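Summary of structural features
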Amino acid sequence: MSGSSTYPYPNPNPYIPASLSEIYDLLGSMILWAPAFTDESGYFPDKNIDTEFHALTEGFGKVRKKLGEERYAQLIALAAQAKALFADDPDDDNGKTDQGRALLFEIEALIQGARSRRVAAKLTDEDGDISGD
């Protein structure tokens, strides 16, 4: 993973979502920050397309057993496609950002589907609760 070109020290301990709900939350912010995923406020100077997609795909890895191999592979492929679309439209002027956002919404739907199935099956999360995580 490379660091931001405007910030010389990438975060050595990036946030990685550890539950299905945390991945869902990350996706919401990614939809808003697309296509460049940079923070103009200066609070998150190492945030960029690489760091955000790294967090997303590593998060998939943390919940891989909950997703199942087929859904995990599908999510990894969708994330790669979305990242490529955003990279091809850094100024949000050729329509690929909208296509990338549509893929993020598709990822959200798959995550929510996995959460719903976990609730329906009454599977407990790490805290012993039936939360969908």
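As a starting point, this report considers the structure included with it. (Residues numbered from 1 in each chain as written. Predicted model: local features only at pLDDT ≥ 70, side-chain atom pairs only at ≥ 80, totals over all residues. Heavy atoms only, no water.)

**Quick word on helix α5 (residues 96-120)**
The terminal C-alpha atoms of α5 lie 36 Å apart, and with 25 residues this matches the ideal 36 Å at 1.5 Å per residue to within 8%. A positive backbone phi angle near 60° is found at Lys 122, which sits one or two residues after α5. (Helix = DSSP H or I, 4+ residues; strand = E, 2+ residues; numbered from the N terminus. Expected span 1.5 Å × (residues − 1).)

**Overview of the pattern of salt bridges**
Per the counting criterion, the structure on display carries 6 salt bridges. In this structure, Lys 66 and Glu 126 form a salt bridge, with 2.8 Å as the shortest nitrogen-oxygen distance. Of the two residues, Lys 66 is situated in helix α3 (residues 64-67) and Glu 126 in the segment after α5; the sequence distance between them amounts to 60 residues. Residue classification places Lys 66 among the buried positions, given a relative accessible area of 19%. (Salt bridge = Lys/Arg side-chain N within 4 Å of Asp/Glu carboxyl O. Buried < 20%, exposed > 50% of the residue type's maximum accessible area, 1.4 Å probe, protein only.)

**Let's talk about the packing of aromatic side chains**
Per the stated rule, a full pass over the model turns up 3 aromatic pairs. Seen in terms of ring centroids, Phe 53 and Phe 86 are 6.2 Å apart; in terms of plane orientation they differ by 45°. Their pairing is tilted. Taken together, the residues Phe 53 in helix α2 (residues 49-62) and Phe 86 in helix α4 (residues 69-87) connect sequence positions 33 residues apart. There is no split in this pair, since Phe 53 and Phe 86 are both buried. Three or more aromatic residues joined by ring pairs form one cluster here, namely Phe 37, Phe 53 and Phe 86. Positioned above the aromatic ring of Trp 33 is the side chain of Lys 47, whose terminal nitrogen or guanidinium carbon lies 3.8 Å from the ring centre. (Phe/Tyr/Trp six-rings, centres within 6.5 Å; stacked < 30°, edge-to-face > 60°. Lys NZ or Arg CZ within 6 Å of the ring centre and 35° of its normal.)

**Topic: the packing of helix α1 (residues 20-33) against α5**
The relative placement of two packed helices comes down to the angle between their axes together with the axis-to-axis distance. Running from N to C, α1 and α5 point in directions that differ by 165°, and their axes come no closer than 10 Å. The orientation of α1 with respect to α5, classified from their angle, is roughly antiparallel. Of the two possible hands of crossing, α1 and α5 adopt the one that is left-handed. Note on element contacts: α5 touches α1 through Arg 101, Leu 104, Phe 105, Ile 107, Glu 108, Ile 111, Gln 112, Ala 114, Arg 115 and Arg 118, opposite Leu 20, Ser 21, Ile 23, Tyr 24, Leu 27, Gly 28, Met 30, Ile 31 and Leu 32. Partitioning the contact of α1 with α5 into residue classes produces 12 nonpolar, 3 polar and 4 charged. (Axes fitted to C-alpha atoms, helices over the stretch in contact; angles between N-to-C directions. Parallel < 35°, antiparallel > 145°, perpendicular 65-115°, else oblique. Left-handed = near helix turned anticlockwise from the far one by under 90°. Contact = heavy atoms within 4.5 Å. Nonpolar A, V, L, I, M, F, W, Y, C, P; charged D, E, K, R; others polar.)

**Examining the nonpolar core**
Counting residues in each nonpolar core, the largest one holds 29 residues, and the members touching the most others are Phe 53, Leu 56, Phe 60, Leu 67, Leu 104, Ile 107 and Ile 111. Every element with two or more residues in this core is listed here: α1, α2, α4 and α5. Sorting elements by how many residues they give to this core places α4 first, with 7 residues. Sequence-distant contacts of Phe 60, defined by excluding residues within four places in its chain, comprise Ile 23, Leu 67, Tyr 72, Leu 75, Ile 76, Ala 79, Ile 107 and Ile 111. (Core = buried A, V, L, I, M, F, W, Y, C linked by side-chain atoms within 4.5 Å.)

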